[in-house]
Amino acid sequence: MAARDAQKDESAHRGDGVYFGLMSGTSMDGVDGIAVRFEHGQRPVVLAEAFVGFAQGLREALFSLQQPGENEIERASLAGNALAARYAVCCHELLRAGNLSADEVRAIGAHGQTIRHRPEKGFTVQIQNPALLAELAHIDVIADFRSRDVASGGQGAPLVPAFHATVFGSHEDTRVVCNLGGISNITVLSSTGAVRGFDCGPANALLDLWAERHLGKPYDENGQFAASGNLHQPLLNALLGEPFFEQPPPKSTGRDLFNAQWLDEKLKGFESLTPADVQATLVALTAVSVAREIERHAGDCRAVYVCGGGARNRVLMEALHKALETGGVAGVPVMTTEALGVPPQQVEPLAFAWLAMRCVAREPGNLPAVTGAAGERVLGAIYPR
Ligand SMILES: Nc1ncnc2c1ncn2[C@@H]1O[C@H](COP(=O)(O)OP(=O)(O)O)[C@@H](O)[C@H]1O
Ligand SMILES: [Mg+2]
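Here the residue numbers are simple positions, counted from 1 along each chain's written sequence. Chain letters start at A and ligand numbers start at 1, both assigned in the order the entries are written. pLDDT decides what is reported in this predicted model: residues at 70 or higher carry local features, side-chain atom pairs at 80 or more are listed and counted, and totals for whole chains, interfaces and linings draw on all residues regardless. Hydrogen atoms and water are omitted, and side-chain values are computed over all heavy atoms in the structure.

Under an unreviewed UniProt entry, the name given to the protein chain is Anhydro-N-acetylmuramic acid kinase, and the source organism is Paraburkholderia eburnea. UniProt positions are given in the numbering used here, feature names are shortened, and annotations may be inferred rather than shown by experiment. As recorded by UniProt, the Catalytic activity (unreviewed entry) comment attached to the protein chain reads in full: "1,6-anhydro-N-acetyl-beta-muramate + ATP + H2O = N-acetyl-D-muramate 6-phosphate + ADP + H(+)". According to its UniProt record, the protein chain has this under Function (unreviewed entry): "Catalyzes the specific phosphorylation of 1,6-anhydro-N-acetylmuramic acid (anhMurNAc) with the simultaneous cleavage of the 1,6-anhydro ring, generating MurNAc-6-P. Is required for the utilization of anhMurNAc either imported from the medium or derived from its own cell wall murein, and thus plays a role in cell wall recycling."

In structure tokens, the structure reads:
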């Protein structure tokens, strides 16, 4: 018996256990949470999921912090406290839904909210208050996942490809995982085992902005607004003129570039278009910018698996399919990650739970081939409970 236990201990991995992952991305809609059990060599087992939306006041505070402004240190700190409170609500919901106690959870991987992303200047800032979250949730918190990658010369993004490779990779075919959050990013999982990944451009960040401005709603539900308009090719060409789209990987972007100011600048000369036509064109921009990168970097892919909130936008999914058809990668089916057993809204929070596990185990979380970092690094800072 004792010998068997010893054997079991040896095969156990020091990162094994239950983790929470909390992801709030550039859409700033709220926080997606997951409770998951990792056991070395096994598929992750999801125990619970939760979503906690952000009130309008917090959304506005986070939006205004995207640009330099008055008294921003205090405003960022207060927004970080408010965020920790929402994250704590999400954790309590996960404990309840998963029938778990805080003692059973090894750590929370909490992404925080990006308010500046300037890897070329050597920094990226995700605000939150991890100390407060540790205090409120009574669980170790792991935060600031991106800084170490940036410190080693990387983009600090995307960080999800390593996790994508562990759950979605196949030796039989090359696959693309495409996350449609505020920004779009793709992970190319080659049948050889090679992994690449980078940001492609704006997705829901601009779609939401335009829906908010013209419908007074936080997003264009199922893409109905876009479907009521027509794609305007000259505007699409003007939008695609942005140099970021032609930049080779590694590359990452955010609201630093793709924001209201960027869009308003590009719309000069197109004032006669209806708001619905602009929305239809922004859908096409998202689809074409992703499809072009797939064509360039994953021409041999057999399927595209979409995750993130954009997977719920039927019109956007159809546009992506159409852009691939006309873009030289015809016949490639576009599905959600549900087809691989993971619901699209769970992928990003699962990735941050996984990164927390890697930090606990002192194992690297980045892929230098993806981010451009000098080497593999253990990511995150630990705030003990
Ligand atoms: N039913 C829907 N129809 C259209 N868009 C949707 C729908 N559900 C979610 N979304 C979009 O998904 C976004 C949230 O996606 P998410 O993956 O959480 O992004 P992020 O990681 O940037 O927060 C929303 O802001 C919205 O634009
Ligand atoms: Mg979100």
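Now that the structure has been shown, we can carry on.
With that out of the way, let us pick up the sheet that holds strand β8 (residues 175-180). Pairing between sheet strands relies on hydrogen bonds along the backbone, with the strands arranged either parallel or antiparallel. Pairing between two strands is assigned when DSSP locates at least 2 bridges connecting them. Labels follow the DSSP assignment, with helices taken as runs of H or I lasting at least four residues and strands as runs of E lasting at least two, numbered in each case from the N terminus. Ordered by their spatial adjacency, five strands build an open sheet running β10-β9-β8-β11-β12, and the pairing between neighbours is mixed. A single partner strand is all that each edge strand has here, and the edge strands are β10 (195-202) and β12 (334-336). Direction aside, the axes of adjacent strands within the sheet are offset by 25° on average. Across the face of the sheet, helix α11 (residues 275-297) comes into contact with β8, β9 (183-189), β10 and β11 (303-307) while running at roughly 155° to β10. Helix axes are fitted only over the stretch in contact, all axes being lines through C-alpha atoms; the angle between N-to-C directions runs from 0 to 180 degrees. Here, two residues are considered to be in contact whenever any of their heavy atoms come within 4.5 Å of each other.

What follows is about the nonpolar core. In these notes, a set of buried Ala, Val, Leu, Ile, Met, Phe, Trp, Tyr and Cys residues joined through side-chain atoms within 4.5 Å is what counts as a nonpolar core. We call a residue buried when its accessible area falls under 20% of the maximum for its residue type, exposed when it is over 50%, and partly exposed in between, using a 1.4 Å probe and counting protein chains only. Ranked by size, the top nonpolar core spans 52 residues in total, and within it I186, L282, L285, I294, V304 and V306 carry the most contacts. When near neighbours in sequence (up to four residues on either side) are disregarded, V304 contacts V176, C178, I294, L320, L324, V332, P333, V334 and M335. Counting residues in hydrophobic clusters, the runner-up holds 35 residues, among them A88, L95, V105 and A137.

Our focus in this paragraph is the side chain of N366. Relative to the assigned elements, N366 resides in the loop between α13 (347-360) and α14 (368-371). Identification of polar contacts relies on pairs of N or O atoms within 3.5 Å, with a donor-acceptor requirement for protein atoms, meaning one able to donate a hydrogen and the other able to accept it, and with residues adjacent in sequence counted only if both atoms are side-chain atoms. Among the polar contacts made by the side chain of N366, one reaches the side chain of D149 at a distance of 2.9 Å. Reaching out from N366, the side chain makes a polar contact with the backbone nitrogen of R377 at a distance of 2.7 Å. Not counting residues up to four positions away in its chain, the partners in contact with N366 are D149, T371, A373, G375, E376, R377 and L379.

We now examine the layout of surface pockets. We place a 1 Å grid over just the protein atoms. Points where a 1.4 Å probe fits but has no way out form a cavity, open points with protein on both sides within 12 Å along at least 5 of 7 lines form a pocket, and any residue with an atom within 4 Å of a point lines it. Grid points are joined across faces, edges and corners, and a volume is the space filled by probe spheres set on the points. As a volume, the second largest pocket reaches approximately 420 Å³. For the second largest pocket, the lining is made up of 22 residues, of which L231, A284, A287, A319 and K322 are closest to its centre. At the level of secondary structure, the elements contributing two or more residues to the lining of the second largest pocket comprise α8 (224-227), α9 (233-240), α11 and α12 (314-326). For the lining of the second largest pocket, the element with the most residues is α11, which contributes eight residues. Gly is put with the polar residues, along with every residue not named as nonpolar or charged; the nonpolar set is Ala, Val, Leu, Ile, Met, Phe, Trp, Tyr, Cys and Pro, and the charged set is Asp, Glu, Lys and Arg. Residues belonging to the lining of the second largest pocket are distributed by class as follows: 13 nonpolar, five polar and four charged.

Moving on, we come to the domain arrangement of the protein chain. For the purposes of this description, domain bounds are those given by an automatic or database domain assignment. Per the domain assignment, the segments making up the protein chain are domain 1 (14-157 + 346-383) and domain 2 (161-332). A quick way to say it: buried area is the sum, across both parts, of accessible area lost when two parts are put together, with a 1.4 Å probe. With both chains or domains summed, domain 1 and domain 2 bury close to 2,100 Å², and 56% of this area falls on carbon and sulfur atoms. The largest per-residue losses of area from domain 1 upon contact with domain 2 belong to T26, V347 and V370, which jointly make up 26% of the total buried on that side. Salt-bridge detection follows one rule: a side-chain nitrogen of Lys or Arg within 4 Å of a carboxyl oxygen of Asp or Glu. Here domain 1 and domain 2 share two salt bridges between them.

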